[in-house]
Amino acid sequence: MVITQADVGTDLDAERQARFPLGARLTIDDLSLAGREHRLDELREAEPVTWMPELGGWLVTSRDAAREVLNPTAPMTVEVEQNMVRNSLGPMMLTSDGESHDAQRRPFEAPFRNRDIEARYGERITALAHRLIDAIEGDAHEPWNLGTRFASPFAVLMAGELLGLSLDDTERIDGFYSDFAGAMEYTGDPEPMRRADAARGELTALLLDELAAARRTPTHSLTSQVAGDDSHGLSDDELAAQLRVVLFGAIETIQASVMNTLYLLAEHPDQEAAAMDDRTLLSGAQEEARRLIPPVSFIERWTAEPVTIGGVELPEHEFVGVSVLAANRDPAHFDDPLRFDITRPNASRSLSFSFGVHACLGLHLARAQTTGAITALWDRLGRLRVVDATEPEGFAFRKPAVMRVAAAGG
Ligand code: HEM
């Protein structure tokens, strides 16, 4: 059942502002811009569950309270009229609750199992990375843009492969992504939503064709895998809806994971040298990078019923934002949390892949892609020197806006 977010009147808002003075002063910029992270640390200390008027909802910054929100037993929902992800991408697993969510996710669980990922996608990941590096290698000692020349096309090409879309469709896939993302921010302008509706229609048509083609001639794609399984009872439209979120979930996240890991390693040359020397350390390095700079920095829920989170009573049908960035820097769980340490034993206990029923479906693939991309770069180009980079930032997705690198070797 899709609910409507409750309208909090001015009196209640004022009462909450008086009760949560730090949250009352917090801005969206504080959640987005680089250099403001300490404000979230202060907030977690004083008001780990706070009222944030600029967000029109509650903000959670401690890891314990965040886990309470994401816990499968918490009365939280994503089936809400104001859910911009649902409005942009359409109803699918990430924007559905309960049994409906489980039915939509189930057919995709086997294809994303850890043991199948390496066998199915390992070589493809490496081949795609090498294909992109072929075009960079000649002038890799000159500064080049890691995002636009490598990390972004790498993520887009891999998403295309997964879905079984032609590699010639890269630009189109990128376009779909931008149209969906553009409609997730409310500006009052109806145009972004119109573009997302058009993108949804076009992508769905491609996916329905691919599902039909895969039944005639199976391929290696995820689309083909789910098309060939008729045990799940989902219609082709329902399958296409899940494939749309797979496409959306696999692009900016992967781009950020590759860039943030290389960014932090470059800032810590000793750890970078250690990981280049012993590649088994790369797994801990990417986990720790995702903890400190989470590619997905913010998770949204709404209260389905009144609930107490971190000792604060939240009424029904209100918005609750989880700051993954803040929760991952919680000193109650991570020793010396601002230190980047690729051997940190519990880095994987961060909330970067979320937790609970919506926990990232593609996490094993994401790990394999991040490792595959960085391994290929190091194998072909050696160490990458950062020529200039902006500090990672962003409200929903966090990464450097620009990161120019050059092969360091002579
Ligand atoms: C480093 C890269 C990635 C990060 C940091 C990431 C992060 C996340 C997070 C935080 C969520 C949960 C959001 C919530 O609880 O509301 C999520 C869900 C999801 N992710 Fe990922 N993701 C990554 C890569 C991928 C990839 C590569 C795929 C697919 C190929 C993928 C597919 C999905 C899907 C389908 C969901 C929805 C699951 C559900 O609702 O049951 N993700 N991801």
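Now for a look at the structure at hand.

Calculation criteria
Residues numbered from 1 in each chain as written. Predicted model: local features only at pLDDT ≥ 70, side-chain atom pairs only at ≥ 80, totals over all residues. Heavy atoms only, no water. Helix = DSSP H or I, 4+ residues; strand = E, 2+ residues; numbered from the N terminus. Rg over C-alpha atoms; globule rule 2.2 N^0.38 Å. Buried < 20%, exposed > 50% of the residue type's maximum accessible area, 1.4 Å probe, protein only. Contact = heavy atoms within 4.5 Å. Areas by Shrake-Rupley, 256 points an atom, 1.4 Å probe, with all protein chains shown as cover. Lys, Arg positive; Asp, Glu negative; His and termini not counted. Charge placed at Lys NZ, Arg CZ, Asp CG, Glu CD. Pairing = 2+ DSSP bridges. Donors = N, O, S within 2.8 Å, 3.2 Å for Na, K, Ca; no water. Axes fitted to C-alpha atoms, helices over the stretch in contact; angles between N-to-C directions. Parallel < 35°, antiparallel > 145°, perpendicular 65-115°, else oblique. Left-handed = near helix turned anticlockwise from the far one by under 90°. Nonpolar A, V, L, I, M, F, W, Y, C, P; charged D, E, K, R; others polar. Phe/Tyr/Trp six-rings, centres within 6.5 Å; stacked < 30°, edge-to-face > 60°. Salt bridge = Lys/Arg side-chain N within 4 Å of Asp/Glu carboxyl O.

Scanning the chain from terminus to terminus reveals 18 helices and 10 strands. The globule rule puts the C-alpha radius of gyration for 410 residues at 22 Å, and the 21 Å found for the chain is close to it. With respect to the three principal axes, the spread of C-alpha positions in the chain is 65 × 55 × 40 Å. Within the chain, the proportion of its 410 residues that are buried is 51%. Pairs at least 24 apart in sequence give 72% of the contacts found in the chain among residues at least 6 apart. Per element, the accessible surface of the chain, about 17400 Å² overall, is 49% carbon and sulfur. The chain carries 39 positive and 66 negative side-chain charges, and their two centres are separated by 4 Å.

Okay, the environment of Asn-114 next. Among the secondary structure elements, Asn-114 is positioned in helix α8 (residues 114–137). Taking the C-alpha atoms as reference, Asn-114 lies 9.4 Å from Gly-362; in sequence the two are 248 residues apart.

Moving on to the sheet that holds strand β8 (residues 319–323). Reading across the sheet, the five strands line up as β1-β2-β8-β5-β3 and stay open at both edges, with mixed pairing between neighbours. Looking at the sheet topology across the chains shown, the edges are occupied by β1 (49–52) and β3 (76–77). Sheet analysis places strand β5 (residues 298–303) next to β8, joined by five bridges and oriented antiparallel. Bridge pairing links Arg-301 to Val-320 in β8.

We now examine the coordination of the iron atom of the ligand. Around a metal, the ideal angle is 109.5 degrees if four donors adopt a tetrahedral arrangement and 90 or 180 degrees if six donors adopt an octahedral arrangement. The sole protein-derived ligand of the iron atom of the ligand is Cys-360 (SG), positioned 2.3 Å away. As for its placement among the helices and strands, Cys-360 is situated in the loop between α17 (324–327) and α18 (363–381).

Take the packing of helix α9 (residues 146–163) against α18 next. Running from N to C, α9 and α18 point in directions that differ by 135 degrees, and their axes come no closer than 12 Å. In terms of their interaxial angle, α9 and α18 are classed as oblique. When you trace α9 past α18, the crossing you get is right-handed. Contacts between α9 and α18 pair Leu-146, Phe-150, Phe-154, Met-158 and Leu-162 from the former with Leu-365, Gln-369, Ala-373 and Leu-377 from the latter. Looking at the contact of α9 with α18 residue by residue, the classes come out as eight nonpolar, one polar and no charged.

Moving on, we get to the sheet that holds strand β10 (residues 403–407). One open sheet accounts for three strands, arranged β4-β10-β9; its pairing is antiparallel. Two strands in the sheet have a free side with no partner beyond their single neighbour: β4 (144–145) and β9 (384–389). The sheet contact formed by β9 and β10 spans five bridges and is antiparallel. The residue of β10 that forms the bridge with Arg-385 is Ala-406.

Among the six residues in β5, five count as buried, and that is most of the element. Inspection of the sheet shows β3 paired to β5 by two bridges, in the antiparallel sense. For Thr-77, the partnering residue across the bridge sits in β5 and is Trp-302.

Per the counting criterion, the structure on display carries eight aromatic pairs. Here Phe-20 and Trp-58 contribute two aromatic rings whose centre-to-centre distance is 5.8 Å and whose plane-to-plane angle is 90 degrees, an arrangement assigned as edge-to-face. Of this pair, Phe-20 sits in the loop between α1 (10–19) and α2 (21–25) while Trp-58 sits in strand β2 (residues 57–60), and the two are 38 residues apart along the sequence. The exposure class assigned to Phe-20 is buried, which follows from its relative accessible area of 6%. Relative accessible area serves as the criterion here: at 1%, Trp-58 is assigned to the buried category. A ring pair is formed by Phe-298 and Phe-395, whose centres lie 4.5 Å apart and whose planes are at 35 degrees; its orientation type is tilted.

Although it is not a glycine, Asp-336 adopts a positive phi angle of roughly 40 degrees. Here Asp-336 lies in the loop between α17 and α18. The class for Asp-336 is partly exposed, based on a relative accessible area of 46%. Its identity as a non-glycine residue notwithstanding, Ser-354 has a phi of 65 degrees, on the positive side. Structurally, Ser-354 can be placed in the loop between α17 and α18.

What follows concerns the pattern of salt bridges. Applying the stated criterion to the full structure yields 28 salt bridges. One salt bridge in this structure joins Asp-41 and Arg-329, with 2.7 Å as the shortest N-O distance. With Asp-41 in helix α4 (residues 37–46) and Arg-329 in the loop between α17 and α18, the pair connects residues that are 288 residues apart, well separated along the chain. Residue class for Asp-41 comes out buried when judged on its relative accessible area of 17%. A relative accessible area of 10% means that Arg-329 is categorised as buried. Notably, a salt bridge pairs Glu-202 with Arg-172, separated by 3.1 Å at the nearest N-O pair. With a gap of 30 residues between them, Glu-202 in helix α11 (residues 191–216) and Arg-172 in helix α10 (residues 170–182) connect regions that are remote in the sequence. The class of Arg-172 is partly exposed, set by a relative accessible area of 36%. Taken together, the shared-partner salt bridges in this structure form one network comprising Asp-179, Glu-191, Arg-194 and Arg-195.

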